[in-house]
Amino acid sequence: MENYTYNSLTLQLEGLKVSEDSVLPVFLILLFSYVYIMLMNIGITVIIFMEKSLNQPMYFLFCNLPVSDIILMTNTVPHVLLDLLLPPSKRLISYSGCVVQAFITQFLSSTSHTVLMIMAFDRYVAICNPLRYSSIMTNRMVIKLTLYAWGVPFVWVVVLVSLSIWLNRCRTMIMNPFCDNASLFKLSCDDVSINNIYGLTFTVILLGSSIGIIVLTYAKITVVCLTRKSKSLNSKALITCSTHLLVYLILMGGGIIAIALHRFPQYPYERKISSLMYLLVPASLNPIIYGVQSKEIRLFIQKSFCSKESF
């Protein structure tokens, strides 16, 4: 039997298929989105560390999201932008570069879920145990939660991507605008049952635990609000929890659509668009959602503009 395995060290990215007339508009839209996301996420991170009133556990935990988005965007969008300007035959990437890009994409996408989980715990302590908040959410606890949010998905994704690396490759075309783990193991003609089982298990545990923690914390917060019947407490809970829930639903919805479309090869265009939207939409909306919600951030921005106008 003929052996088609050749493990090429150079791969080709299919990229976005757009007409010649659409290349420039699509390029400009993506470029604007990338610059906007970088400015907004870097800006809100700098504001949180500069403004003393924002040096609180809630904001330090939130900083994990913009930092993650900054790295994730830098890992994927510039390559997608460059490929738009190249003919399909020139859209190349080394296999090692593809592995690195796939790892970072999978790792940081998973980290977003664990960050929202530790933020839910922070909101639970703040609303349900306000008198003990400062003693529970110490700097040491914030560091532990942050290490958990980054460490757990790191270990899971190392195993996930390692399983794909061990496969023999008989294809060279990445059917996506950028490399991810699903695109990696689709290069193989070997049996990928173990990859599918582990990937499914990882997805179920990640999404199941995040949904479970969100539901549990919100249920307890709701019980506390109904029991105490405090208008100020209910108002605080509504503002902070609605913000957190909105960010979570955007992330969850985009993730489910992107994962589902990988299972339907007959929708390649929709899969590519959903993969990009899964990266771009949460990263662009998170700073706005938390910036609008946070009175301290709004006041800092207003104060900065007022000081500039005085000059």
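Above: the structure in question.
Fair warning: this is a prediction, and the values are worked out from it, not measured in the lab.

Focus on the environment of Met-277
In this structure, Met-277 sits in helix H10 (residues 268–293). Residues Met-277 and Gly-255 lie 22 residues apart in sequence; the distance between their C-alpha atoms is 9.6 Å.

What about the state of the cysteines?
Applying the stated criterion to the full structure yields two disulfides. Here Cys-98 is linked by a disulfide to Cys-179, with a sulfur-sulfur distance of 2.0 Å. Here Cys-98 and Cys-179 share a disulfide; its torsion about the S-S bond, -115°, makes the bridge left-handed. With Cys-98 in helix H4 (residues 95–128) and Cys-179 in the loop between strand S3 (173–174) and helix H7 (181–185), this pair connects stretches of sequence that are 81 residues apart. For Cys-98, a relative accessible area of 0% puts it in the buried group. Assessed through its relative accessible area of 0%, Cys-179 is described here as buried. Covalent S-S linkage joins Cys-170 and Cys-189, the inter-sulfur distance amounting to 1.7 Å. For the disulfide bridge between Cys-170 and Cys-189, the dihedral angle about the S-S bond is near 80°, and by the sign convention the bridge is right-handed. Of this pair, Cys-170 sits in the loop between helix H6 (139–165) and S3 while Cys-189 is found in the loop between H7 and helix H8 (193–228), placing the two residues 19 residues apart along the sequence. Under the relative-accessibility criterion, Cys-170 is labelled buried at 11%. Here the disulfide map of the chain reads 1-3, 2-4, the bonded cysteines being numbered as they appear in the sequence.

Section: the packing of helix H1 (residues 20–50) against helix H3 (residues 64–84)
With their axes 10 Å apart at the nearest point, H1 and H3 run at an angle of 160° to one another. When the axis of H1 is compared with that of H3, the two are roughly antiparallel. Considering only the axes of H1 and H3, their crossing is left-handed. On H3, the residues that touch Val-23, Val-26, Phe-27, Leu-30, Leu-31, Tyr-34, Ile-37, Met-38, Asn-41, Ile-42, Ile-44 and Thr-45 of H1 are Pro-66, Val-67, Asp-69, Ile-70, Met-73, Thr-74, Val-77, Pro-78, Val-80, Leu-81 and Leu-84. Of the residues in the contact of H1 with H3, the class split is 19 nonpolar, three polar and one charged.

Here we look at the sheet that holds strand S2 (residues 92–94)
With mixed pairing, the three strands of this open sheet are ordered in space as S2-S1-S3. If you trace the sheet from one side to the other, it starts and ends with S2 and S3, each paired once. The sheet contact formed by strand S1 (residues 10–13) and S3 spans two bridges and is parallel. For Leu-13, the partnering residue across the bridge sits in S3 and is Ile-174. In this fold H4 packs onto S1, S2 and S3, with an angle of close to 85° to the strand it touches most, S2.

Considerations on the pairing of S1
Burial of S1 is one-sided: the residues Leu-11 and Leu-13 facing one way are buried, the residues Thr-10 and Gln-12 facing the other way are not. As paired elements, S1 and S2 share three bridges and run antiparallel to each other. From the neighbouring strand, Leu-11 faces S2, where its bridge partner is Ile-93.

Focus: the nonpolar core
In this structure, Met-73, Met-119, Met-137 and Leu-184 are the most contacted members of the largest nonpolar core, which totals 82 residues. With 16 residues, H4 is the largest single contributor of residues to this core. In contact with Met-73, not counting residues within four places along its chain, are Tyr-34, Ile-37, Met-38, Pro-78, Leu-279, Leu-280 and Ala-283.

Digging into the side chain of Thr-111
Structurally, Thr-111 can be placed in helix H4. Owing to a relative accessible area of 0%, Thr-111 belongs among the buried residues under this scheme. When residues no more than four places from it in sequence are discounted, the contact partners of Thr-111 are Ala-149, Trp-150 and Pro-153.

Details of H1
If you check H1, its first and last C-alpha atoms are 45 Å apart, about what 31 residues at 1.5 Å a residue would give, namely 45 Å. The set of residues buried in H1 consists of Val-23, Phe-27, Leu-30, Ser-33, Tyr-34, Ile-37, Met-38, Asn-41, Ile-44, Thr-45, Ile-47 and Ile-48.

A closer look at the packing of H6 against H8
Two measures define how a pair of helices packs: the angle their axes make with one another and the distance between the axes. Here H6 crosses H8 at 160°, and the two axes come no closer than 10 Å. Looking at the two axes, H6 sits roughly antiparallel to H8. Crossing handedness for the pair H6 and H8: left-handed. Facing H6, whose interface residues are Trp-156, Val-157, Val-159, Leu-160, Leu-163 and Ser-164, H8 presents Ile-194, Asn-195, Tyr-198, Gly-199, Phe-202 and Ile-205. Partitioned by chemical class, the residues of the contact of H6 with H8 number nine nonpolar, three polar and no charged.

Comments concerning the pattern of salt bridges
A complete count under the given rule lists three salt bridges for this structure. One salt bridge in this structure joins Lys-17 and Glu-14, with 3.2 Å as the shortest N-O distance. Exposure remark for Lys-17: the relative accessible area of 60% places this residue in the exposed category. Of the charged contacts, one joins Glu-14 and Lys-272 as a salt bridge, the two residues approaching to 2.8 Å between their closest N and O atoms. A residue pair is termed long-range when its members are at least 10 positions apart, and Glu-14 in the loop between S1 and H1 and Lys-272 in helix H10 qualify at 258 residues. Lys-272 shares its class with Glu-14; the two are buried. Salt bridges sharing partners connect three or more residues here, namely Glu-14, Lys-17 and Lys-272.

Analysis parameters
- Residues numbered from 1 in each chain as written.
- Predicted model: local features only at pLDDT ≥ 70, side-chain atom pairs only at ≥ 80, totals over all residues.
- Heavy atoms only, no water.
- Helix = DSSP H or I, 4+ residues; strand = E, 2+ residues; numbered from the N terminus.
- Disulfide = S-S within 2.5 Å.
- Buried < 20%, exposed > 50% of the residue type's maximum accessible area, 1.4 Å probe, protein only.
- Axes fitted to C-alpha atoms, helices over the stretch in contact; angles between N-to-C directions.
- Parallel < 35°, antiparallel > 145°, perpendicular 65-115°, else oblique.
- Left-handed = near helix turned anticlockwise from the far one by under 90°.
- Contact = heavy atoms within 4.5 Å.
- Nonpolar A, V, L, I, M, F, W, Y, C, P; charged D, E, K, R; others polar.
- Pairing = 2+ DSSP bridges.
- Core = buried A, V, L, I, M, F, W, Y, C linked by side-chain atoms within 4.5 Å.
- Expected span 1.5 Å × (residues − 1).
- Salt bridge = Lys/Arg side-chain N within 4 Å of Asp/Glu carboxyl O.

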